[in-house]
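Structural overview
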Amino acid sequence: MLRLWGRLNSINVQKVVWALEELGLPHERVDAGGPFGIVNTPEYRKLNPNGLVPVIEEDGFVLWESNAIVRYLAAKHGAGSLWPTDLRERADADRWMDWQATAFTPAMGPAFHQLFRTSPEQRDRSIVEAAIAKAEPFAALLDRHMGDRTYVAGAAFTMGDIAVGAAVHRWLNLPVQREPRPNLERFHRTLRERPAAAKVLVTPIT
Ligand SMILES: N[C@@H](CCC(=O)N[C@@H](CS)C(=O)NCC(=O)O)C(=O)O
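Keep in mind that what you see is a predicted model, and the values were worked out from it rather than measured.

1. Regarding the site of the ligand
All residues adjacent to the ligand are R7, S10, N12, G33, G34, V39, L52, V53, P54, E65 and S66. In the model, an oxygen atom of the ligand is placed 3.3 Å from a nitrogen or oxygen of the N12 side chain. A distance of 2.6 Å separates an oxygen atom of the ligand from a polar atom in the side chain of S66. In this structure, the ligand is accommodated by the largest pocket.

2. Describing empty space enclosed by the protein
Summed over the entire model, instances satisfying the criterion amount to one cavity of 30 Å³ or more. There is about 70 Å³ of room inside the largest cavity. N9, Q14, F112, A166, H169, R170, V200, T203, P204, I205 and T206 together form the lining of the largest cavity. Residue composition of the lining of the largest cavity, by class: five nonpolar, five polar and one charged.

3. Details of helix 5 (residues 125–145)
For helix 5, built from 21 residues, the straight-helix expectation of 30 Å at 1.5 Å per residue is met to within 8% by its first-to-last C-alpha distance of 30 Å. Along helix 5, the sharpest kink reaches roughly 30 degrees, centred on A135 and followed within four residues by the proline P137. Taken residue by residue, helix 5 has V128, A131, I132, A135, E136, A139, A140, L142, D143 and H145 as its buried positions. Elements in contact with the buried residues of helix 5: helix 4 (87–117), helix 6 (159–172) and helix 7 (182–192).

4. Let's talk about the packing of helix 1 (residues 11–23) against helix 3 (residues 66–77)
Closest axis-to-axis distance for the helix 1/helix 3 pair is 9 Å, and the angle between their directions is 10 degrees. By the angle between their directions, the pair helix 1 and helix 3 is classed as roughly parallel. Judged by residue contacts, N12, K15, V16, A19, L20 and L23 of helix 1 engage S66, N67, I69, V70, L73, A74 and H77 from helix 3. Class assignment for the residues of the contact of helix 1 with helix 3 results in eight nonpolar, four polar and one charged.

5. Re the nonpolar core
Grouped together as the largest cluster of nonpolar side chains are 66 residues, with contacts concentrated most on W18, L73, F104, L142 and W171. With 11 residues, the top contributor of residues to this core is helix 4. Split by domain, this core shows at least three residues from each of two domains, domain 1 (2–77) and domain 2 (87–197). When sequence neighbours within four positions are dropped, the list of residues in contact with L73 reads L2, V16, A19, L20, L23, L25, I56 and G78.

6. Section: the sheet that holds strand 4 (residues 61–64)
The mixed open sheet is built from four strands, whose spatial order is 2-1-3-4. Since the sheet does not close on itself, it has two edges, and those belong to strand 2 (27–30) and strand 4, each with one partner. For this sheet the average axis-to-axis angle between neighbouring strands, irrespective of direction, equals 20 degrees. Judged from the three bridges that link them, strand 1 (residues 2–5) and strand 3 (residues 55–58) form a sheet pairing that is antiparallel. Bridging from a neighbouring strand, W5 pairs with V55 of strand 3. Sheet contacts for helix 1: strand 1, strand 2 and strand 3; angle to strand 1, the most-contacted strand, approximately 155 degrees.

7. Concerning the domain arrangement of the protein
As assigned here, the protein comprises domain 1 (2–77) and domain 2 (87–197). Every contact between the two is made by 13 residues of domain 1 and, on the other side, 20 residues of domain 2. Of all residues in domain 1, I11, W18 and R71 give up the largest surface area on contact with domain 2, accounting jointly for 47% of the area buried on that side. Here domain 1 is connected to domain 2 by three salt bridges. D98 serves as the salt-bridge partner of R71, at 2.7 Å between the closest nitrogen and oxygen. Taken together, the links from domain 1 to domain 2 amount to eight residue pairs in polar contact (both at pLDDT 80 or more). Going through the elements one at a time, helix 1 and helix 3 are the ones with two or more residues in the side of domain 1 that touches domain 2. By residue number, the principal contributor to the side of domain 1 that touches domain 2 is helix 1, which donates six residues. For the side of domain 1 that touches domain 2, the per-class residue count stands at five nonpolar, three polar and five charged.

Cut-off values and rules
- Residue positions are counted from 1 within each chain, in the order its sequence is given.
- Owing to the predicted nature of the model, reporting of local features is limited to residues with pLDDT of at least 70; listing and counting of side-chain atom pairs is limited to 80 or more, with chain, interface and lining totals taken over all residues.
- Side-chain numbers here rest on the full set of heavy atoms in the structure, without hydrogens or water.
- To be near a molecule or strand, a residue needs just one of its heavy atoms within 4 Å of it.
- Each polar contact in these results corresponds to two N or O atoms within 3.5 Å; when the atoms are within protein, one needs to be able to donate a hydrogen and the other to accept it, and residues that are neighboring in sequence are counted only if both atoms are side-chain atoms.
- Cavity and pocket criteria rest on a 1 Å grid covering protein atoms alone: a 1.4 Å probe that fits but cannot get out defines a cavity, protein on both sides within 12 Å along at least 5 of 7 lines defines an open pocket, and an atom within 4 Å of a point defines a lining residue.
- Should more than half of a molecule's atoms lie within 2 Å of a pocket's or cavity's grid points, that molecule is taken to sit in it.
- Grid points are joined across faces, edges and corners, and a volume is the space filled by probe spheres set on the points.
- When residues are grouped by polarity, Ala, Val, Leu, Ile, Met, Phe, Trp, Tyr, Cys and Pro land in nonpolar, Asp, Glu, Lys and Arg in charged, and all others, Gly among them, in polar.
- Labels follow the DSSP assignment, with helices taken as runs of H or I lasting at least four residues and strands as runs of E lasting at least two, numbered in each case from the N terminus.
- Between the first and last residue of a helix there are one fewer steps than residues, each counted as 1.5 Å, and that sum is the expected span.
- Given a residue, its bend is the angle between the two axes fitted to the seven residues that end at it and to the seven that start from it.
- To sort residues, take the accessible area from a 1.4 Å probe on protein chains only and compare it with the maximum for the residue type: under 20% means buried, over 50% means exposed, and anything in between is partly exposed.
- Residue contacts are defined here by distance: any two heavy atoms, one from each residue, within 4.5 Å place the two residues in contact.
- Helix axes are fitted to C-alpha atoms over the stretch in contact, other axes to C-alpha atoms as well, and angles between N-to-C directions run from 0 to 180 degrees.
- Oblique is the label for any angle not under 35 degrees, not over 145, and not in the 65 to 115 range, which are roughly parallel, roughly antiparallel and roughly perpendicular in turn.
- Only buried residues count toward a nonpolar core. Its members are Ala, Val, Leu, Ile, Met, Phe, Trp, Tyr and Cys residues joined through side-chain atoms within 4.5 Å.
- Domain extents, as shown, originate in an automatic or database domain assignment.
- When DSSP finds two or more bridges between a pair of strands, those strands are recorded as paired.
- Note on terms: buried area is the combined drop in 1.4 Å-probe accessible area of two parts once they are placed together, counting the loss on both.
- Salt-bridge detection follows one rule: a side-chain nitrogen of Lys or Arg within 4 Å of a carboxyl oxygen of Asp or Glu.

Next comes the structure, spelled out in structure tokens:
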């Protein structure tokens, strides 16, 4: 059975859990990272020399990097659904996954870490404000993009929505003043209705 290493409050683990649920794939998840530790043990470093979560193991095959894992699972089990069979549709979904990982999430990351993972005494509001200011243009861009479509790559739910949706969930739940983004709110509501998203988009952010 496929084994997933990683704590559920990690956005990168959440993407993999969501993909597994969408595809209905049996799996076991082992809590690792953060308070659970494990990631610095020599055994774990053999799986992922970066010492990060998530990692999957499947019949001796080991893979790290959350979006690569989602792509692998989608290609293997989700042709025509998570994995668009049309090359250009797939490239479109793929592009949004890279955008999530390299633009939107890194921009908001410092605000998330300050607000959820830093004690109030050590919190630095200037870091939060700078991160929000950096992320707002990305939120605006995505909000405009979602203005005339249901999902990031068009009319059908794909792997792109998993990566972008997990990031939107985090963005909309940051306890800060943000510009109103009605299309993002609608996208988020649509995604929350998916039974497979329940473990990821309904649990509180920590
Ligand atoms: N680019 C990597 C980033 C992985 C990453 O940064 N994981 C974080 C959690 S979101 C982590 O493992 N942090 C250390 C820990 O949890 O102990 C991916 O997408 O998988």
